[in-house]
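# Observations on chain architecture
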Amino acid sequence: YEQDYPISSESLGQILSGKVENNNVQLRNYTKNGQIIWCEWFNSKLRDQEGKVTTVLSLVQNITERKNDEKKLLESQERLRRAQAIAHLGSWELNFETDTIKWSHEIFRICGLELGYDLTWEEWVSFVHSADRESVTSQMERSRKEMNDVAMEYKIVRKDGEIRFIYSEARFEFDKEGNPLRKVGIVHDITERKKAEEELRINEMRFHEAQVAARISNWEIDYTTNNHYWSDEFCRIFKINKAKVQP
């Protein structure tokens, strides 16, 4: 394959120049009918009894299927990364066998960290807001001891000092014998939702205060559910016990 000529030449040059005794390289090649396939070439030098190089032996393996699978995997990972960025949803995986933890790209964005930052589990916990840290660590410890699922809402403080609201879930995965293999979780940045909820709460409070000040009331009937709503001021004006009011 034309674009792989430089890679092929470099690999062969390493063998012929004596820099290496053997190497392997992945190249695209043409079949007799013109089809492009991926091959992995394993190259070695053969010497005679005096140590002189007599032959370069190459073994070749068709790895087209493997390369296609790798491409599909990368494309799938990229789609997941984009989806997580749109949803502000990150994920992580703690492997008990290797004692390593993997973080998705979105986790770093949520924490205000550069991609690839060496984030440890302990440092992730340190981002939890001091007001929520005791509760979070207590729930995580109970989940660890009992090996059960856990779901929490809490705040974190990013490196730049910005406070973000988080919803997280985590669960254990076990082997056939019931031994824990890994713990996986999601971290959802719900800051915008929390801000919207707070803004709605404030607006409702102001609306209520305005109704009281102006002695204005309102009521509402939802014909799809047959639910009735009576404002506090409506009940005050007509001296109705809101808890007992009937439509």
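Refer to the structure printed above.
A few points on the structure. (Residues numbered from 1 in each chain as written. Predicted model: local features only at pLDDT ≥ 70, side-chain atom pairs only at ≥ 80, totals over all residues. Heavy atoms only, no water.)

### Description of unusual backbone geometry
For D99, which is not glycine, the phi dihedral falls at a positive 55 degrees. With respect to the helices and strands, D99 occurs in the loop between β4 (89-95) and β5 (100-103). On the basis of relative accessible area, D99 is assigned to the exposed category, the value being 65%. The phi dihedral of M147 falls on the positive side, at around 55 degrees, and the residue is not glycine. Structurally, the position occupied by M147 is in the loop between α5 (130-146) and β6 (150-157). Taking relative accessible area as the criterion, M147 reaches 36% and is therefore assigned partly exposed. (Helix = DSSP H or I, 4+ residues; strand = E, 2+ residues; numbered from the N terminus. Buried < 20%, exposed > 50% of the residue type's maximum accessible area, 1.4 Å probe, protein only.)

### Some thoughts on the sheet that holds strand β7 (residues 163-174)
As summarised here, the arrangement of the five strands in space is β5-β4-β8-β7-β6, forming an open sheet in which the pairing is antiparallel. For this open sheet the edge positions go to β5 and β6, each flanked by a neighbour on one side alone. Each strand of the sheet is rotated relative to its neighbour by a mean of 20 degrees, with strand direction disregarded. α5 rests against β6, β7 and β8 (180-189) of the sheet, and its axis sits at about 145 degrees to β6. (Pairing = 2+ DSSP bridges. Axes fitted to C-alpha atoms, helices over the stretch in contact; angles between N-to-C directions. Contact = heavy atoms within 4.5 Å.)

### Notes on the environment of D48
Summarising the element assignment, D48 is placed in the loop between β2 (36-47) and β3 (53-62). Expressed as a C-alpha distance, the spacing of D48 and R109, which sit 61 residues apart in the sequence, is 59 Å. Within the local environment of D48, its side chain forms a polar contact with the backbone nitrogen of E50, the two atoms lying 2.9 Å apart. Looking at D48, its side chain comes within polar contact range of the main-chain nitrogen of K52, at 2.8 Å. (Polar contact = N/O pair within 3.5 Å; in protein donor to acceptor, adjacent residues only side chain to side chain.)

### So, empty space enclosed by the protein
Evaluated as defined, the whole model comprises one cavity of 30 Å³ or more. Roughly 120 Å³ of volume is contained in the largest cavity. Taken together, 14 residues form the lining of the largest cavity, with W92, W121, M140, M152 and S168 sitting closest to its centre. Of all the secondary-structure elements, those providing two or more residues to the lining of the largest cavity are α4 (121-126), α5, β6, β7 and β8. (1 Å grid on protein atoms, 1.4 Å probe; cavity = no way out; pocket = protein on both sides within 12 Å on 5 of 7 lines; lining within 4 Å. Points joined across faces, edges and corners; volume = space filled by probe spheres on them.)

### Let's talk about the pattern of salt bridges
In this structure the tally under the stated criterion is 22 salt bridges. A salt bridge links K67 to E70; the shortest N-O distance between them is 3.7 Å. Within this pair, K67 and its partner E70 are both found in helix α2 (residues 64-87), separated by three residues, close to a single helical turn. On the basis of relative accessibility, which here comes to 18%, the residue K67 falls in the buried class. E70 sits in the partly exposed class, given a relative accessible area of 34%. Close ionic contact of K155 with D132 constitutes a salt bridge, the shortest N to O distance being 3.1 Å. Separated by 23 residues along the polypeptide, K155 in strand β6 and D132 in helix α5 bring together distant segments of the chain. In terms of burial, K155 and D132 fall into one category: buried. Linked through salt bridges whose partners overlap, the residues forming this network are E106, R109, R158, D160, E162, R164 and D189. (Salt bridge = Lys/Arg side-chain N within 4 Å of Asp/Glu carboxyl O.)

### Here's the deal with α5
Since the α-helix packs 3.6 residues into each turn, any two residues three or four apart lie on the same face. A rise of 1.5 Å per residue sets the reference length of α5, with its 17 residues, at 24 Å; its end C-alpha atoms lie 25 Å apart and thus fit the reference within 8%. Within the sequence span of α5, burial applies to D132, V136, M140 and S143. When α5 is viewed along its axis, its buried side chains cluster within an angular range of 60 degrees and face the same direction. In α5, the exposed positions that point more than 90 degrees away from the buried face belong to S130, E134 and K145. On the buried face of α5, the contacting elements are α4, β6, β7 and β8. (Expected span 1.5 Å × (residues − 1). Arc of directions from axis to C-beta.)

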